[in-house]
Amino acid sequence: MTIEMLYSKLHRAAVTDANLNYVGSITIDRELMDAAKLRVGQKVDIVNVNNGERFSTYVIEGERGKRDICLNGAAARKAEIGDRIIIIAYASMTLDEADRFKPNVVLLNESNEIDGVKDYV
């Protein structure tokens, strides 16, 4: 048996752009992707702290060091520039794996700079 567990998250990222005319997804700075161990095309849930919206999409790579967090396509309607969001990834694990696994939680400041990385929820 496997269960879905928190794999990683970017906590309180600031939305820097919203591009309605893109096919879809969320663009994330490559450095932030690496810190959260996210992969291109990986499914993520987005939680908007400002308005309570919650939706799923997939990751595309943004330019390293620009601190961009851009919602694309229909997702662009779910947040305003400046909104704080939580980007959450999950993984399927056996019960034994889940007992040992420590999720990667990346804490961001208001400029999308890394404030800290925790290996717990």
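Refer to the preceding data block for the structure.
Rules of the game
Residues numbered from 1 in each chain as written. Predicted model: local features only at pLDDT ≥ 70, side-chain atom pairs only at ≥ 80, totals over all residues. Heavy atoms only, no water. Helix = DSSP H or I, 4+ residues; strand = E, 2+ residues; numbered from the N terminus. Buried < 20%, exposed > 50% of the residue type's maximum accessible area, 1.4 Å probe, protein only. Contact = heavy atoms within 4.5 Å. Polar contact = N/O pair within 3.5 Å; in protein donor to acceptor, adjacent residues only side chain to side chain. Phe/Tyr/Trp six-rings, centres within 6.5 Å; stacked < 30°, edge-to-face > 60°.

Colleague: What's the story with the environment of Asn48 in this structure? I'm lost.
Modeller: Looking at the element boundaries, Asn48 is found in strand E4 (residues 43–48). Taking the relative accessible area as the measure of exposure, Asn48 reaches 2% and is therefore buried. Sequence-wise, Asn48 and Asn21 are 27 residues apart; in three dimensions their C-alpha atoms are separated by 20 Å. The contact partners of Asn48, leaving out residues within four places of it in the chain, are Glu53, Lys78, Ala79, Asp83, Arg84 and Ile85. For Asn48, the side chain forms a polar contact with the main-chain oxygen of Lys78, separated by 3.1 Å. Polar side-chain contacts of Asn48 include one of 3.0 Å to the side chain of Asp83.

Colleague: What am I meant to see in the environment of Ile46 here?
Modeller: As for its placement among the helices and strands, Ile46 is situated in strand E4. Looking at Ile46, the relative accessible area reads 1%, which means it is buried. Distance in space between the C-alpha atoms of Ile46 and Ile26 is 9.1 Å, their sequence separation being 20 residues. When neighbours within four sequence positions are excluded, Ile46 is seen to be in contact with Ile26, Glu53, Arg54, Phe55, Thr57, Ile85, Ile86 and Ile87.

Colleague: Teacher, can you tell me more about the packing of aromatic side chains here?
Modeller: For any two aromatic rings, the description comes down to two numbers: the centre-to-centre distance and the angle of the planes. Scanning the model with the defined rule gives 1 aromatic pair in all. A centroid spacing of 6.0 Å and a plane angle of 15° characterise the contact between Tyr7 and Phe101, whose relative ring orientation is stacked. Placement of the pair is Tyr7 in strand E1 (residues 2–14) and Phe101 in the loop between helix H2 (95–100) and strand E8 (104–108), with a sequence separation of 94 residues. Take Tyr7: its relative accessible area is 22%, and that puts it in the partly exposed class.

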